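Listed below are the residues making up each chain.
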Amino acid sequence: MEVPPSNIKAAFWMTGSLAAIILMAVSGREASKELNVFQIMEMRSLIGLAMLYPLIRSSGGIRAMRTSRIWQHLGRNTAHYAGQFAWLMALSMIPLAQLIAIEFTTPAWTAIMAVAFLGERLNIWRMLTIALGIIGVIIIVRPGIGTIEIGQLIVLGAAFTFGISFTMVKSLTRTESVVKIIFWMLVIQSGIGLLPALHSWQWPSLHVMPWVIIIAFTGTFSHFCMAKALLYADATVVIPMDFLRVPLTAIVGWLVYSEHIDIYTAIGAALILSGNLLNLKNRKS
């Protein structure tokens, strides 16, 4: 399934993915105050499947969701489920901005895997984008100040599994539609988490239920947007755009949770933005 490459279209879909993931982070923090992570993820998959149904129907219905690459879907979603579980777990253990920043070792893992397994190339602009992004994240986080917390290690593990997941999504987009990729994500992940969720199940209160619904929507359609972006550009182009989530999350943390934004965050954000703009400017749109 070949489509003409377009960095502009990839950037458009990544904007939707960024907005959804940031909103999911806030919703996940609020929902985890009451519900177990397994239950949050199970409800997210089941509600998300219902939300996706109109797109499934418009794509030919359930029969059109048949796939010859079920093992690739299973591998991708096992990795992603592990990463998402770790991400939600760490959400209540360390500050929001710190969690997102540490997660941004994901582009490095993704770039390495895309080069090793998908045959993509790391040209000078992609390397510069990744380098500026990593430097920007380091400036924002300033590692080495204080002790390493268990939540930080959990997020690092999540970043590695996200790298596996993103690389496998890029591979799947070569033969599978975006709707089919998301369909199998929701089906497989609901199956993986069913028994753990039932074991810790409690009915959500009226206060937390809206947050769960938002998680289901953003969790589903952030991946839809990400898959669409990967359809129009290489993983080593798309994933560095996600660096913008660091400064954007810092702003949300300041507005919602009164987290302080200092000069280091501003400098890091500027480097991240510069790297992404250079990458987009020096490729064909």
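Residues numbered from 1 in each chain as written. Predicted model: local features only at pLDDT ≥ 70, side-chain atom pairs only at ≥ 80, totals over all residues. Heavy atoms only, no water.

1. Points about the packing of helix H3 (residues 70-91) against helix H8 (residues 178-199)
For any two helices packed against each other, the geometry is given by the interaxial angle and the distance between the axes. The N-to-C vectors of H3 and H8 enclose an angle of 60°; their axes lie 9 Å apart at closest approach. The orientation of H3 relative to H8 falls into the category oblique. When you trace H3 past H8, the crossing you get is right-handed. In this structure, H3 contributes Ile70, His73, Leu74, Arg76, Asn77, Thr78, His80 and Tyr81 to the contact, and H8 contributes Lys180, Ile181, Trp184, Met185, Ile188, Gln189, Ile192 and Gly193. Here the residues of the contact of H3 with H8 are counted per class, giving 8 nonpolar, 6 polar and 2 charged. (Axes fitted to C-alpha atoms, helices over the stretch in contact; angles between N-to-C directions. Helix = DSSP H or I, 4+ residues; strand = E, 2+ residues; numbered from the N terminus. Parallel < 35°, antiparallel > 145°, perpendicular 65-115°, else oblique. Left-handed = near helix turned anticlockwise from the far one by under 90°. Contact = heavy atoms within 4.5 Å. Nonpolar A, V, L, I, M, F, W, Y, C, P; charged D, E, K, R; others polar.)

2. Focus: the pattern of salt bridges
This structure, assessed with the given rule, holds 2 salt bridges. Here Glu30 and Lys33 are joined by a salt bridge, their closest N and O atoms 3.3 Å apart. Since its relative accessible area comes to 14%, Glu30 is described here as buried. For Lys180, the salt bridge identified is with Glu176, shortest N-O distance 3.8 Å. No difference in accessibility class separates Lys180 from Glu176, as the two residues are buried. (Salt bridge = Lys/Arg side-chain N within 4 Å of Asp/Glu carboxyl O. Buried < 20%, exposed > 50% of the residue type's maximum accessible area, 1.4 Å probe, protein only.)

3. Here's the deal with the environment of Ala101
Following the sequence through the fold, Ala101 ends up in helix H4 (residues 96-103). Look at Ala101 and you get buried, because its relative accessible area is 2%.

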